[in-house]
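Architecture at a glance
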Amino acid sequence: MQSKRLFGTNGIRGVINADLTSECVMKLGVAIGTFFKGGQILVGRDGRTSSPMFVHSITGGLISTGCTIYDVGLVPTPAIQYAVKRYQMDGGIMVTASHNPPQYNGIKVIADDGIELPREYEIEIENIFYHEKFQWAEWEQVEKVHHLFGILSTYTEAIKQHVDIRTIRKKCFHVVVDPGNGVGGLTAPYLLREMGCNVTTINANVDGTFPRRSPEPKLENLIELSLAVRAVKADMGVAYDGDADRSIFVDEKGKIHWGDRTFALIEKFFLMKHPGENIVTPISSSGLIEEIAEKYSGKVVWTKVGSIIVSRMMKKIDAKLGGEENGGVFYAPHQSVRDGAMTTALILNIMAKNRRKLSELLSELPKYYIEKEELECPHELKVKVLEEFIDQIKGIIIDTIDGAKIRFQDKSSILIRPSGTEPIFRFYSEGKTRKRVVQLVKEYKTKLDEIIRKLQNRQ
Ligand code: MG
């Protein structure tokens, strides 16, 4: 690892034996153990081929600082997050690269509240790591690894407390589950069967090579799920990412719906029951979230992009619901983190209680067209380009939480954000007609292109 920043937007990630080596992960374990001051830590992993190796490395590091380790084995990320809080642990480690390709792996560090560490604590760990300010334990404080069994059923039992199981059971829903060979296959099919569903699974065996589809549940990866839903005439299909914190849904007609829409559906029924509540979502989410909030007396609290930021904001303002456009839904009565199985239970609850098909429920939401594009821009110019752009459009109301978002009277908007990792600006426009969104991207791409050229000429 070359960079002075270890943590990205969600944990530490890298290509195995290139960015992320066993040696580096062990040292990281020593740094994290020093940070937790020898506390009680749960360690879990996803199904990646390299995850057992990294569990050994990180555990060795943690134990050397006097931490007591409870190995929970293969688990979805939200299950270990729930267990950390439920069992009053000092923290947790999840070895996972979430939705990244199979050659990647990573480490998520969980605080005692079940949410990933806030940025200020990540900086503390980075300082310990780079300056090697390690606190080694005395020899007699070095323990063996303990094993903790049964957290999967504790987790699924907890989810059932938040929905109307009797009503869902009566509907005998047929659901096709596609965990994409990730760890979601260890919980969702069992949870749904316990909720009286008839479950058909595809890609449900845990396989770290991800042989059937990418662990990222994008529309183009879910054709098999869509076809399966239609073939078995199911009521719904659901796909998870590699560590099952995000979920994407397919209606009974086989149509795949992006996360914004299913989040908006949950938001609508949540606000109908709890008007006046705050809904937390990143600035990249659809205006649909705001339109639903206006209609059902809720208030949207916008944040920077990043699931940890959403979780931390929810905790700070005591919000009950949050969501992201990528299929992450945060339901605080259960836990303030993204949770694919909880989201699935919430969707089934809405279908059962309203006696409506998923396609009908989703078709009633306001429609938005979306257009996404990119524009190349050297890394070193990004900040100046954004400043110059914001300066040029003075007078227009603009949101600068993360990049620049301009909202228009006709409910259209455009978000212009510099990528954190690539030399590009991303454009994300939405509106009520296709013509409008195409025109918006074209107009603002031209504006930004002119600024980039001008600044490049000055160099
Ligand atoms: Mg994930």
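Residues numbered from 1 in each chain as written. Predicted model: local features only at pLDDT ≥ 70, side-chain atom pairs only at ≥ 80, totals over all residues. Heavy atoms only, no water.

**Thoughts on the overall build of the protein**
Scanning the protein from terminus to terminus reveals 15 helices and 21 strands. Since a compact globule built from 459 residues should have a radius of gyration of about 23 Å, the 23 Å found for the protein is in line with a globular shape. Along the longest, intermediate and shortest principal axes, the C-alpha atoms of the protein span 70 × 65 × 40 Å. Looking at the protein as a whole, 58% of its 459 residues are labelled buried. Put simply, the protein shows about 19,700 Å² of open surface, and 50% of that area lies on carbon and sulfur atoms. A distance of 6 Å separates the average location of the 62 positive side-chain charges in the protein from that of its 58 negative side-chain charges. (Helix = DSSP H or I, 4+ residues; strand = E, 2+ residues; numbered from the N terminus. Rg over C-alpha atoms; globule rule 2.2 N^0.38 Å. Buried < 20%, exposed > 50% of the residue type's maximum accessible area, 1.4 Å probe, protein only. Areas by Shrake-Rupley, 256 points an atom, 1.4 Å probe, with all protein chains shown as cover. Lys, Arg positive; Asp, Glu negative; His and termini not counted. Charge placed at Lys NZ, Arg CZ, Asp CG, Glu CD.)

**Overview of the coordination of the magnesium ion**
Those donors, Ser98 (OG), Asp241 (OD), Asp243 (OD) and Asp245 (OD), are the protein atoms that reach the magnesium ion, and they lie 2.0 to 2.2 Å from it. Taken in chain order, the donor set of the magnesium ion reads S-x142-D-x1-D-x1-D. Of this pair, serine 98 sits in the loop between strand 4 (91–95) and strand 5 (104–110) while aspartate 245 is found in the loop between strand 9 (236–240) and strand 10 (247–250), placing the two residues 147 residues apart along the sequence. This pair shows no difference in class: serine 98 is buried, exactly as aspartate 245 is. (Donors = N, O, S within 2.8 Å, 3.2 Å for Na, K, Ca; no water.)

**Points about the layout of surface pockets**
Summary: where empty space remains is shown by rolling a probe the size of a single water molecule over the atoms. Of the pockets and cavities examined, the second largest pocket occupies roughly 390 Å³. Lining the second largest pocket we find 16 residues, and of these Phe269, Phe270, Lys273, Tyr331 and Asn349 sit closest to its centre. Elements represented by at least two residues in the lining of the second largest pocket include exactly helix 9 (259–273) and helix 12 (340–354). It is helix 12 that provides the largest number of residues to the lining of the second largest pocket, a total of five residues. Across the lining of the second largest pocket, the residue classes break down as seven nonpolar, four polar and five charged. (1 Å grid on protein atoms, 1.4 Å probe; cavity = no way out; pocket = protein on both sides within 12 Å on 5 of 7 lines; lining within 4 Å. Points joined across faces, edges and corners; volume = space filled by probe spheres on them. Nonpolar A, V, L, I, M, F, W, Y, C, P; charged D, E, K, R; others polar.)

**Some thoughts on the domain arrangement of the protein**
Structurally, the protein comprises domain 1 (12–149), domain 2 (154–363) and domain 3 (369–458). Put simply, the middle of domain 1 and the middle of domain 2, counted by C-alpha atoms, are 27 Å apart. Counting residues at the interface gives 29 residues for domain 1 and 31 residues for domain 2. With both sides pooled, the region where domain 1 packs onto domain 2 buries about 2,300 Å², and carbon together with sulfur makes up 63% of that total. It is Tyr82, His99 and Ile115 in domain 1 that bury the most area against domain 2; as a group they hold 26% of the surface buried on that side. Between the two partners, domain 1 and domain 2, sit four salt bridges. In this structure, the salt-bridge partner of aspartate 243 is lysine 108, at a minimum N-O distance of 2.9 Å. For the pair domain 1 and domain 2, the number of links is 15 residue pairs in polar contact (both at pLDDT 80 or more). (Domains from an automatic or database assignment. Contact = heavy atoms within 4.5 Å. Buried area = accessible area lost by both parts, 1.4 Å probe. Salt bridge = Lys/Arg side-chain N within 4 Å of Asp/Glu carboxyl O. Polar contact = N/O pair within 3.5 Å; in protein donor to acceptor, adjacent residues only side chain to side chain.)

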